[in-house]
Amino acid sequence: MKTRKKLIGIAIVLVAVIGFAFAPIQKITVKGSDTMVIVAQKWAEVYMKKNPNISIQVTGGGSGVGISALINGSTDICNASRQMKRSEIDKLKGRYNTLGVEIPCAKDGITIYLNSNNKVSELTLKQLGDIYTGKITNWKQVGGADADIKLYGRENSSGTYVFFKENVVKADYAPSCQTLPGTGAVVNAVKKDKNGIGYGGAAYAEGIKICKVKKDAKSPAYEANAQTIAKNQYPISRYLYMYVRNKPTGAMKAYIDWILGPEGQKLVVETGYFPVK
Amino acid sequence: MLSGVLLIGAPSFSQSVTDTLKERVDELKDRLNGIDERVLTNESDLFKLNKIKISGYIQAQYDYFENRLSYPSNSFQVRRTRVKFQYEPADGVKFVVQPELGPGGFELKDAYAVANAPWLKNVELWMGKFNRPNYEVEYSSSSREVPERSRIIKALYPGERAIGAKLEYSPKLIPLKVQVALLNGNDGLTFKDASGNNMNTAQNVTNKDYDNFKDLMGRITYSLNLGAGVGLDFGFNGYLGQLKATSTTTIKGDYTLDKSDVKVGDALKRNWLGAEFQLYADVLGGMSIKGEYMFGQNALPGYITSSSTTTSTTSLNATADTLTISNITTKDNSQKPNQINKFSGGYVYLVKNIGKKNQFALRYDFYDPNTQISKNDIGVKKYETTLDDKKVNLTTVYSASDAQTIKVVSGDITNATKIKATSGVSDIAYNTLTLAWNYYLNDNIRFTLAYEMPMNEKTNAVDSKGNYLVYDKGTVNGITKYNYYNDVFSQNTFTLRVQAKF
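These figures come from a predicted structure and were not determined experimentally. (Residues numbered from 1 in each chain as written. Chains lettered and ligands numbered in written order. Predicted model: local features only at pLDDT ≥ 70, side-chain atom pairs only at ≥ 80, totals over all residues.)

With respect to the overall build of chain A
Of the regular secondary structure elements, chain A holds 10 helices and 12 strands. The dimensions of chain A, computed from C-alpha atoms along their principal axes, are 95 × 40 × 30 Å. Of all 277 residues assigned to chain A, the portion counted as buried reaches 45%. Counted over contacts in chain A with a minimum sequence separation of 6, partners at least 24 positions apart contribute 71%. (Helix = DSSP H or I, 4+ residues; strand = E, 2+ residues; numbered from the N terminus. Buried ≥ 20, exposed ≤ 12 C-beta atoms within 10 Å, placed from the backbone. Contact = placed C-beta atoms within 7 Å.)

Printed below as a string of structure tokens:
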């Protein structure tokens, strides 16, 4: 009798083990912000190692592309370095009858990239706006060398493009501003161009000079770091977001909770961004 | 000596290699510059092309109509074929053209320009032909959860679009939207004369503006995020308009006299107010409850008709030995009076998303086109009177020829103008229930299964012989058929639609 019970027990365990071994892999797609793509890939890699039955696919393309994918159903999670526009929420309402769920997952300071040889080390918000609208065209106007300023920026599907435009430029970008497909491309361009200026997420600032930013001429200049971001001193700081269509449940909720937890936030810091809290 | 020669030769050899390399590098640099230029040109062209957006959708469907008074009772049709071209040459400037390319022919649905001056920031100016500012009108047919708009919206805003100018204000920091439009006002309306021709024409073009009156339309909406996935959009709208009177008498909705001294061309006012809401909640997936209610006064221009017949007769009175020759024209004038009447109506939607691909929708809409008359008065109430007196304008000329008198009577007789309007089908109120199931194969393809059930108001109005006065009539396969309004008769429609969107 005891032997029989043992055998039944072993059989149940075996079936369960085999069953779980063949448990369907749950797939989560993540699309959107190029600013967030590095940290999103790190999140996915680490999480999938700990949860082998979860498959997470991460692609960039820009916040606008991610939001469109969320609306048309081709992604589960959208990464965005800007908030959704009213017109985008209206489309989500029309298709899914929801407002969407906004989940701030990290903080970023939009960093101003200068070439390492550029004499300029700090700029006010107004100067940045005037540079990017084409009102200031020569570095000597802001204390630099007598050379034309070369503008590098992002395409209009980028959340960084939108955020920078709404909060710093506050008008149309100068027609001479070269649009590049990703923050990495902006950094590379500025690295090679001694008269170049670019902007993008803090995590990409390598091999270039970081320009300090002042709110106005009388304020102190700050570099984007954990302290200045946490104290709201750095003038161009923003949240980075994840958006989902409905309240997350199941595997997606577990993943998002992990991202917002200590392990996920540690990866945020390691990538060069700042924790959400 | 040899080493000397070699020593002398070595620098010149390395110089020539350097020169060759330099030449090669320069050549490659020139080629790269050339490629750079071409890439820049292509980028510039691509940048311009990226400003043009083309989108559209096709809706093909099968309909089955219950109790239809025309043939056929079921058919396939291409309900809508729209292609929208949008060009944004600069931030804040947009041109849109959207033709409808249906089997019935070509129609321009939208054609407008939008401008947003930088110094005005959150204000846009629209000019051209665009959707009237109303929730259900502006909600695209490709997104709408049921096949057709509600009865009241189709009645008040036929064709959805109007020609005019519109200002839209949407501040960035407040979830508010204000729309004010100045429109021609006669867009899409149909008012027929005695022969059934649409009087809403000018220079033989239907819907072309034909008077100096312009209509004003306004809408204000606000969005609230109530937290926990609940959002509420609500707003108010209003319409101030007028149509041209085409008859000299105006009656009210209860078929009593309003004015008898109207001049053709005077204004017939049509004004209404509305309130709307859309509630969104994340309850096991998305769900919304949306509704609108409108009430006010609508107007329908009348018409004037005249006809004349000339009768020629010859008669002999043998006793009086008189030959009478008469040539008399009889003129008849009649008018259908203009009408202004109160109306009310609205709709409520319940939409529930089930997973990513399925969606259930239910809509209840109600419309009473004339709240001043109801039930058994419909068909009975009428306005009937005459204007002027009968005018006789005859001349008699006598002449004699030998033994006979010849009397020639000529001229015209104008009968008193008859003015008549009778209540009927156009005053019947409707409540309609529509059920629909949508399946989204992907973002481009959607299947819809819908069943629309209109329920008409009843009237037992009969004539002196006991025949029902209010009915629809049609001919099916040579047989005349009637749907009487003494009961709710089935006018249901089953629709199976496939929509392809790009």
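Read on for the rest.
Examining the domain arrangement of chain A
Residues and elements named next belong to chain A. Along its sequence, chain A is carved into domain 1 (25–107 + 240–271) and domain 2 (111–235). On a C-alpha basis, the centroid separation for the pair domain 1 and domain 2 is 27 Å. If you look at the interface, domain 1 gives 15 residues, while domain 2 gives 13 residues. Element by element, the count of residues in the side of domain 1 that touches domain 2 is highest for helix H3 (residues 63–72), at 3 residues. (Domains from an automatic or database assignment.)

What about unusual backbone geometry?
Here A:Asn97, not a glycine, exhibits a phi torsion of approximately 55°, which is positive. Looking at the secondary structure, you find A:Asn97 in the loop between helix H4 (86–96) and strand S4 (101–109). Here B:Asn67, not a glycine, exhibits a phi torsion of approximately 65°, which is positive. Tracing the sequence through the fold places B:Asn67 in the loop between strand S1 (52–65) and strand S2 (74–90).

Quick word on the nonpolar core
Residues A:Val39, A:Ile112, A:Tyr113, A:Val190, A:Ile197 and A:Tyr243 are the most contacted members of the largest nonpolar core, which totals 76 residues. Taken together, domain 1 (25–107 + 240–271) and domain 2 (111–235) of chain A each give at least three residues to this core, which thus spans both. With sequence-adjacent residues up to four places away left out, A:Tyr243 is seen in contact with A:Ile67, A:Leu70, A:Cys78, A:Ala80, A:Met84, A:Gly100, A:Val101 and A:Glu102. Of all hydrophobic cores here, the second largest spans 22 residues; its members include B:Tyr157, B:Tyr255, B:Ile378 and B:Ile428. (Core = buried A, V, L, I, M, F, W, Y, C linked by C-beta atoms within 7 Å.)

Looking at the sheet that holds S4(A)
Residues and elements named next belong to chain A. On the basis of which strands lie adjacent, the open sheet formed by 5 strands has the order S2-S1-S3-S12-S4 and mixed pairing. Each edge of the open sheet carries a strand with a single partner, namely strand S2 (54–61) and S4. Mean inter-strand twist for the sheet, computed between neighbouring axes without regard to direction, equals 20°. For strand S1 (residues 26–32) and strand S3 (residues 77–80), the ladder comprises 3 bridges, and the chain directions are parallel. Paired with Lys31 across the two strands is Cys78, which belongs to S3. Sitting on the sheet, H3 touches S1, S2, S3 and strand S12 (237–244), and the angle it makes with S3 is about 155°. (Pairing = 2+ DSSP bridges. Axes fitted to C-alpha atoms, helices over the stretch in contact; angles between N-to-C directions.)

Describing the packing of helix H2 (residues 37–50) of chain A against helix H10 (residues 262–271) of chain A
Residues and elements named next belong to chain A. For the pair H2 and H10, interaxial distance at closest approach is 10 Å and the crossing angle is 140°. Between H2 and H10, the interaxial angle falls into the category oblique. Handedness of the crossing formed by H2 with H10: right-handed. On the side of H2, the interface is formed by Ile38, Val39, Lys42, Trp43 and Val46, while H10 contributes Gly264, Leu267, Val268 and Thr271. Across the contact of H2 with H10, the residue classes tally to 6 nonpolar, 2 polar and 1 charged. (Parallel < 35°, antiparallel > 145°, perpendicular 65-115°, else oblique. Left-handed = near helix turned anticlockwise from the far one by under 90°. Nonpolar A, V, L, I, M, F, W, Y, C, P; charged D, E, K, R; others polar.)

Side note on the interface of chain B and chain A
Chain B puts 17 residues into the contact, and the matching count from chain A is 14 residues. Those elements that provide at least two residues to the side of chain B that touches chain A are strand S14 (267–282), strand S15 (286–300) and strand S18 (338–354) of chain B. Looking at side-chain class alone, the side of chain B that touches chain A contains 5 nonpolar, 8 polar and 4 charged residues.

Here we look at H4(A)
Every α-helix winds through 3.6 residues per turn, so residues three or four apart in the chain are directed the same way. Where H4(A) is concerned, the buried positions are A:Glu88, A:Ile89, A:Leu92, A:Lys93, A:Arg95 and A:Tyr96. The inward-facing, buried residues of H4(A) contact H3 of chain A together with S14, S15 and S18 of chain B.

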